[in-house]
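A closer look at the structure
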Amino acid sequence: MVSIKGSLKKLGRNTQAVALRTTDKHLRLAVTGLAGAGKTAFISGLVNQLLHCDNCEGNRQLPLWEVARENRLYGVKRDLQPDLTIPSFNYDSAVRTIKSQPPSWPKSTRNISELRLAIRYRPAKGLLSKLTDSATLYLDIVDYPGEWLLDLPMLKQSFQQWSAAQIARTSIFKHSQYYAAFIDALSSIDLASTANEATLQQITDRYQQLLQDSVDKHGFYYAQPGRLLLPGELEGSPVLAFFPLIHVSDEQYIALDKSASTSFYHTLKQRYFEYVAQVVKPFYHDYFAKFDRQLVLVDCFTPLNRGNEQFDDMQTALQAVMESFQFGQSSLLKRLFSPKIDKLLFAASKVDHVTRNQQGNVLSLLTQLVHQSQQHAKFEGCEVETMAISAIKSTTHGMVKQNGRDIEVVKGLELASSQPITLFPGEVPKSLPSAGFWLQQGFDFVSFSPRTVASQQPHHADFEHIRLDHVLQFLIGDKLK
Ligand code: GDP
């Protein structure tokens, strides 16, 4: 029998080059999560590991990543990104910031961005291994704010239904000192009178201030429309100049429907539909539908520090985020955009914040958060996994004696004071906390500065990590066989 390699030899040089080129593969990996979940740190840490990973070191630094463990990895390089209209993920600047003296964290994600890596490896089996000794996987990593996914329900809501849904959030809005100013501004206009851009923008500014304050100062998560919080390139544009009518009754809507088409009411309704048509739909159509794999990062510690209401709001926001990954045949998303994500990973980020014996609890808490939503709708056709990770490990573990007992602690440089601290940050609940739980909770998850990078060793990543190799194996391992 003539072997495939033998018959290839008979082909002309050009034909062989084409055959080899077709052995290259592409994969689009999207990374998301709510603000502060750790997206920027994750991509910076992961890319840093990959760029320093080759046959000699890969199996030591990323032992659970099969291609590295089996010594089949030739190396990873940055490559020109394919989409010229998406901003580039600023990897160099992020790494410079983390390695600066004193080290600090890079700026968080505020917009979509992208970076391409070329992973050169030796195929292990199948036709590919017979055709060639080396193949390349082009990995596009796309970073985008999870808040953008909170807009999904707007695809099927009218302006009135959307406004009514925001009324349910007034108890959260009331925490903010800007709530009264927004209500005053809303009440000051006659919705049936002729609209003008300046007034629309003024009231939108108040609503934006209210959303921003609820998130930044009061620690809540859910905010709609998502782009008002993180507008990206749409900052200040009229398509974002609308707000919910949380003071209008059903009877008033009937009367307002009869107002002139130039009225505030009809203009707001129009803006809402334009936002859905020009911002929400294009995101799903142009970007989301092209993702192959998705990582959702979840910071479980910050909402536990903040309290019951904020934790519940994080859960609501996370469930809303998950709706975008429920691709059952009957789902709206499937019908409109045919998404093709076939692997979905939820990862609890920053687990270097807690002692090793608590990392299992973090994983169990995240798994419950994810599975609670799975009871309502299945992630059909999508392999789902949960993990607990740290992209840039900033603490070390230690043991201290307390009352004659050895207890596990974490040590690091506290972000706020820049002082070294040693602490036991508290027990992470294994399951969703009950109301009673909050009365006695005593968390103190402090934020840490990144560690100073020791002098660079060749082929050695700058940062330590927890389970990034596990992440790589789940998300791209099957493409490197
Ligand atoms: P983004 O908004 O999702 O882009 O979040 P960032 O990546 O900017 O992370 C927000 C903050 O979380 C950072 O400024 C760090 O303080 C912290 N952080 C992120 N990843 C890690 C990690 O692996 N370990 C530790 N200790 N802190 C982290």
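Up top is the structure.
Residues numbered from 1 in each chain as written. Predicted model: local features only at pLDDT ≥ 70, side-chain atom pairs only at ≥ 80, totals over all residues. Heavy atoms only, no water.

**Quick notes on the packing of helix 11 (residues 197-216) against helix 14 (residues 264-287)**
The geometry of helix 11 relative to helix 14 is characterised by a closest axis approach of 12 Å and an angle of 65 degrees between their N-to-C directions. Here helix 11 and helix 14 pass one another in a crossing that is right-handed. Residues Glu197, Thr199 and Leu200 of helix 11 pack against Phe264, Thr267, Leu268 and Arg271 of helix 14. Residue composition of the contact of helix 11 with helix 14, by class: 3 nonpolar, 2 polar and 2 charged. (Axes fitted to C-alpha atoms, helices over the stretch in contact; angles between N-to-C directions. Helix = DSSP H or I, 4+ residues; strand = E, 2+ residues; numbered from the N terminus. Left-handed = near helix turned anticlockwise from the far one by under 90°. Contact = heavy atoms within 4.5 Å. Nonpolar A, V, L, I, M, F, W, Y, C, P; charged D, E, K, R; others polar.)

**Examining the site of the ligand**
Taken together, 17 residues are adjacent to the ligand, and Gly36, Lys39, Thr40, Ala41 and Ser108 come closest. Between lysine 39 and the ligand, the recorded distance is 2.8 Å, taken from a backbone N or O atom to an oxygen atom. Threonine 109 places a main-chain nitrogen or oxygen 3.0 Å from an oxygen atom of the ligand. Coverage of the ligand by the protein amounts to 92% of the 580 Å² it exposes when considered alone. Structurally, the ligand is housed in the largest pocket. Its residues assigned to classes, the shell around the ligand comprises 6 nonpolar, 8 polar and 3 charged. (Near = heavy atom within 4 Å. Polar contact = N/O pair within 3.5 Å; in protein donor to acceptor, adjacent residues only side chain to side chain. Areas by Shrake-Rupley, 256 points an atom, 1.4 Å probe, with all protein chains shown as cover. 1 Å grid on protein atoms, 1.4 Å probe; cavity = no way out; pocket = protein on both sides within 12 Å on 5 of 7 lines; lining within 4 Å. Sits in = over half its atoms within 2 Å of the grid points.)

**Points about the packing of aromatic side chains**
Using the criterion set out here, one finds 25 aromatic pairs in the structure. Between tryptophan 148 and phenylalanine 283 the ring centres are 5.7 Å apart and the planes differ by 85 degrees, which places this aromatic pair in the edge-to-face class. Residue tryptophan 148 is located in the loop between strand 4 (135-143) and helix 8 (159-167), and its partner phenylalanine 283 is located in helix 14; the two are separated by 135 residues in the primary sequence. For the pair tryptophan 148 and phenylalanine 283, one class covers both residues: buried. An angle of 40 degrees between the planes, with centres 5.6 Å apart, marks the rings of phenylalanine 288 and phenylalanine 325 as tilted. Taken together, the residues span a long stretch of sequence, with phenylalanine 288 in the loop between helix 14 and strand 5 (293-298) and phenylalanine 325 in the loop between helix 16 (308-323) and helix 17 (332-337) at a distance of 37 residues. When sorted by exposure, phenylalanine 288 lands in the same class as phenylalanine 325, which is buried. (Phe/Tyr/Trp six-rings, centres within 6.5 Å; stacked < 30°, edge-to-face > 60°. Buried < 20%, exposed > 50% of the residue type's maximum accessible area, 1.4 Å probe, protein only.)

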